[in-house]
Amino acid sequence: MTPVQAVTALAASPLSAEVPARAQMATTLGFHIILACLGIALPTIVLIAEFVGLRRSNPVAMKLARRWSQAMGVLVAVGAVTGTVLSFEMGLLWPTLMRQYGEVLGLPFGIEGLFFFLEAIFTAIYLYGWRRLSGWAHWWSGVPIAISGIFGAMSVIAVNSWMNQPGGFTERGGRIVSVNPWQVYFNHAATYEMPHMVLAAYMVTGFVVAGIYAAGILRGRRDRYHYTGFAIGFVPAAILTPFQIFIGDTAARAVAQDQPVKFAAMEYVTQTSRKVPEWLGGVYVNGHIYGGLKIPYMDSLLVGFSPNTEVIGWDSVPAAERPPVVWLIHLCFDVMVGLGFLLLLAGLWAAYTWWRKRRLPSQRLFWLLGAVSGLAAIGAMECGWVVTEVGRQPWVVYRRLTTTDAATTNGGVLTSLSLIIVVYALLAVATILILRMLARRWRRSDLREATVLDGAAARPQEQAATRAGARWPR
Amino acid sequence: MATLIGAILLASITLYAVLGGADFGGGLWDLLAGTTARGRMPRALIDESITPVWETNHVWLIFDLVIFWTAFPHAFAAVMTALALPLWLALGGIVLRGAGFAFRKEITRLSLQRAAGATFAFSSLLTPFFMGTVIGAIATGRVPADATHASLSAWTSPTSVLIGFLFVSACGYLAAVYLAGEAERRSDRCLQTYFTRRAQAAAVVAGALSLAALVELHGSNRAMFDRLTGRSLSLVILAGVCGLGVLALLATGRRIVARVVAALGVAAVVWGWGVAQYPVLLPGTSVTLTNAGAPNSTLIALVALVVLVAVLVGPSLVLLFTLQGRRLLEAGEGGPWSVNGPTGQTQPPRTPLQPPRPAGKPPGLLALVAVAALVRRRQRR
Ligand code: HDD
Ligand code: HEM
Ligand code: HEM
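Predicted model, so just to flag it, every value in this text is computed and none were measured.

A. A look at the coordination of the iron atom of ligand 2. One donor from the polypeptide reaches the iron atom of ligand 2: Glu-389 of chain A (OE), at 2.3 Å. Mapped onto the elements of the fold, Glu-389 of chain A is located in helix α12 (residues 364-392).

Printed below as a string of structure tokens:
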């Protein structure tokens, strides 16, 4: 067989559909979720900036709000198209899932649709209303975006958490005979997944914004503009971090109860037992854990506040019902928790310095931490999703439908996967380049403004005031 | 109950067709607008008219999909499996179009701007064409109820391909009629004639394609033809009358009314198809509105959701279109808090130069009241 024949044969083979379908779902979701986070929380951050700008007549905050909303226009468009891909994929990649449970999981998606409408409408009014709507009217037109972002996120997460803890319907003879929308929406896992995800969105957005300005400050752009941009992103995100860790801890305990096999994979619990140790790091291969730090009793303590707590291991189910690649699940969980604490540290550092000295820390290390905080938050969020999704395997709907059965019987998924990877790579590069181009344009216009001001020798006082204002008060 | 949901689905498909379809048609005219210099004015008008609304119009598609899979999951799975290829291609068009459109606006270098614009314009054709073949395949009964594999022949029949071209021309037709009205509002004589002429041409092409599709159906799918000319006859006639009416209205210069009539004509086509099929969901199979999967409780919940959408989204949409109609929504910077100064030098001015008016009190106030009322209604819920 020539390579070309081999590729076409593989692409057309129905047996090969499941693995590329999963890879494709993971790629497209992993990409969309970053834009979704920005779509959920960036409007709030922009509104905070505009609020400061209006309330305190702060031109710097106002300028930031306008600029961020310009970037938001690009991000929202990319979020919308990548989200549309997901909607199609639900049917194109997982027809059996939709065939069997479309009438159940469709309802939260419908509610999501309602909020998408509101989000899209008010986003348009907000983004294109800067010129003609007067100050506070414009501000209020942004409020529905922020609200519908949160409710929209809750609705998609209702679907995902329902896949983890399916309920709220009666099945008879392979057909759904009745559905209780309320119980579908507020299923067992929704109570922690919804707040965890909404907070994650705010953390990702806040830290990404902060990270961009921290990077600028590290490069010596130590002006009022950069410090304000940093603070408007960093402060809300840092405040939310401890709550996020608390909810994550609750989530872990709920997973130990409701999805014990996933939990066993997260914590390397090979056998159901008491006095289970906690593993930090380490790679599990063929029954051995290489590397890693073992803390005796800790896992039992975390699950039930006593070393004698029994933790269910993955030996409780046959091998076919265990998730694959447990080390990936475990390491992703550790990375998420680790990054969560790293971000907490950054927030505490800033809070301590503020409490003591009424200013932001001046150490270079803090600003380095700030600069990577956005990437760290995205990393934690992506790792959390790997834990949730891969940990649920082999089920797509927990204990009801396997991923294999749900996948399409069509060939050609390998082809669509390859194309998607190429298109998304281009999309990512183009988005980043365009945002950088915007930033460069803004910087140029700031420089131009500064030279104009310098040239305006007729108003020396104002000029001096601007100069003073351009320094962070230390 | 299932019939009601069927009607709701058809109604939201209609809205996608008349609103989203025009956005795709804008891409067609962008593509045909010629060189950068020659096409500058029409492209600016297309851009300005689509920018604030395309995302909202696009959500109708999402909503259609969700209603389809929630209310009729079995039919949904069959369509998604059998027609996977044209659906992937239509999706590709959506991704490239949205990205190309959004990027073009922010790019200042001319060559890149051209590339993004070409992507936008070209991919605007893909989606309507392949959506048309999908609808054609469903209407001509080529989707088996228990489809396990994608089928090429299902959507490449002459009827399906004709319907694909019909969709493209209908999108172009709608867009040109809307844009002619938009130009009239701006009292831009030049663009007014420009788009009127194109609307007339597209109307003729779309009419010819509809007739061709009917003739083709007569030969290949007699049952569907009989229902279209039987039960749906009045709607088919209405569509024809609307088409002629638009031609007459355009000829007499009543472009704003022509927009409504054009939309009505397209709606009549969609409903003609729906009524002809009723109550069968996948013609040629036994899948009907009532046995395609969902239990009654799901359908009731869906109806409740649709009522909620009507109550919340309806007024918001009115607000959006009113603001756009009054030209209170504009892309770009400027105004009292101008941050950017003139953007890159290569970018031609998008709008005929207007002095940046300070936000007029009455419209500003109006918007504030409307938004506040909406917010309050949401909170009361
Ligand atoms: C900024 C992001 C972020 C941060 C700092 C954390 N998480 Fe998280 N975590 C997520 C973002 C996230 C997520 C991506 O949003 C997930 C995926 C599914 C979900 O609902 O949230 C998630 C899932 C998730 C799950 C799996 C839930 C399930 O499978 O049903 C657990 C057990 C935790 N998290 C626990 C934690 C703990 C103990 C943290 C302590 C530091 C933590 N998370 C920090
Ligand atoms: C938005 C953030 C999400 C991310 C990053 C994410 C990530 C992933 C990953 C990594 C996989 C592959 C699992 C594997 O390789 O075994 C996957 C599969 C899947 N995810 Fe998610 N997921 C997310 C949310 C959702 C949501 C909200 C849904 C709701 C329908 C969903 C539905 C699925 C389905 C159907 C699969 C395929 C079946 C499976 O492998 O479990 N995901 N996702
Ligand atoms: C945790 C998972 C997800 C979250 C939190 C989420 C959230 C969001 C948000 C906030 C937006 C608006 C983004 C913007 O316009 O900037 C968006 C867009 C979209 N999402 Fe997701 N999403 C998730 C996963 C999914 C999944 C699994 C699907 C579909 C199966 C989906 C479908 C869509 C669609 C269709 C859009 C475009 C709507 C529009 O036209 O504006 N999303 N998503």
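B. Just the site of ligand 3, in detail. Close to ligand 3 lie 25 residues; His-32, Gly-83, Ser-87, Phe-116 and Ile-157 of chain A are nearest. Near ligand 3, residues from chains A and B are present, making the site a shared one. The contact in question runs from a nitrogen atom of ligand 3 to an N or O atom on the side chain of His-32 of chain A, over 2.9 Å. At 3.5 Å from an oxygen atom of ligand 3 is found a main-chain nitrogen or oxygen belonging to Val-76 of chain A. Only α2 (18-55), α3 (59-93), α4 (95-128) and α5 (135-164) of chain A together with α3 (54-71) of chain B provide two or more residues apiece to the shell around ligand 3. At 8 residues, α3 of chain A tops the list of elements feeding residues into the shell around ligand 3.

C. Just the confidence of the model for chain A, in detail. Residue and element names in this part refer to chain A. On average, chain A scores 87 in pLDDT, and the residues at 70 or more come to 92%. Low confidence marks residues 1-14, where pLDDT is under 50. Its contacts with residues over four positions away, or in another chain, come to 13 contacts. Across residues 456-474, confidence stays below pLDDT 50; counting only partners more than four residues off in sequence or on other chains, it has 16 contacts.

D. How the structure looks around the packing of aromatic side chains. One pass over the full model with this rule turns up 37 aromatic pairs over all chains. Considering the side-chain rings of Phe-51 of chain A and Trp-139 of chain A, the 5.6 Å spacing of their centres and the 55° angle between planes classify their relative orientation as tilted. Of the two residues, Phe-51 of chain A is situated in helix α2 and Trp-139 of chain A in helix α5; the sequence distance between them amounts to 88 residues. Phe-51 of chain A sits in the partly exposed class, given a relative accessible area of 30%. On the accessibility criterion, Trp-139 of chain A (14% relative accessible area) is buried. Relative to Trp-69 of chain B, the ring of Phe-109 of chain A lies with its centre 5.3 Å away and its plane at 80°, an arrangement referred to as edge-to-face. With one member in each of two chains, Phe-109 of chain A in helix α4 and Trp-69 of chain B in helix α3 form a pair that bridges those chains. No difference in accessibility class separates Phe-109 of chain A from Trp-69 of chain B, as the two residues are buried. Among the aromatic residues, ring-to-ring pairing joins Phe-207, Tyr-227, Phe-230, Phe-234, Trp-349, Phe-366 and Trp-367 of chain A into one connected group. The ring of Trp-355 of chain A carries Arg-356 of chain A above its face, with NZ or CZ at 4.6 Å from the centroid. Its end group placed over the ring of Phe-24 of chain B, Arg-97 of chain B keeps NZ or CZ at 4.0 Å from the ring centre.

Parameters and conventions
Position numbers for residues count from 1 along each chain, tracking the sequence in the order it is written. Labels are handed out in written order, letters beginning with A for the chains and numbers beginning with 1 for the ligands. Local features are withheld for residues below a pLDDT of 70 in this predicted model, meaning they are given only at 70 or higher, and side-chain atom pairs are given and counted only at 80 or more; totals for whole chains, interfaces and linings count all residues. Excluding hydrogens and water, the side-chain values take into account all heavy atoms of the structure. Note: metal donors comprise N, O and S atoms at 2.8 Å or less from the metal (3.2 Å for Na, K and Ca); water molecules are not included, so apparent gaps in a site are possible. Secondary structure elements are defined from DSSP: runs of H or I of at least 4 residues count as helices, runs of E of at least 2 residues count as strands, and each element is numbered from the N terminus. Note on definitions. A residue lies near a molecule or strand when any single heavy atom of the residue is within 4 Å of it. The term polar contact refers here to a pair of N or O atoms within 3.5 Å; inside protein, the definition further demands a hydrogen-donor-capable atom paired with an acceptor-capable atom, and it admits residues adjacent in sequence only when both atoms are side-chain atoms. For every residue, the predictor states its confidence as a pLDDT score lying anywhere from 0 to 100. Should any heavy atoms of two residues lie within 4.5 Å, those residues are considered in contact. Geometry of aromatic contacts follows a simple scheme: Phe, Tyr and Trp rings, the Trp one being its six-membered ring, pair when their centres are within 6.5 Å, and the pair is stacked under 30 degrees between planes, edge-to-face over 60, tilted otherwise. Exposure is judged per residue with a 1.4 Å probe applied to protein chains only, and the accessible area is read against the type maximum: over 50% gives exposed, under 20% gives buried, and values in between give partly exposed. Think of it as a cone above the ring: NZ of Lys or CZ of Arg counts as a charge over the ring if it is within 6 Å of the ring centre and within 35 degrees of the ring normal.

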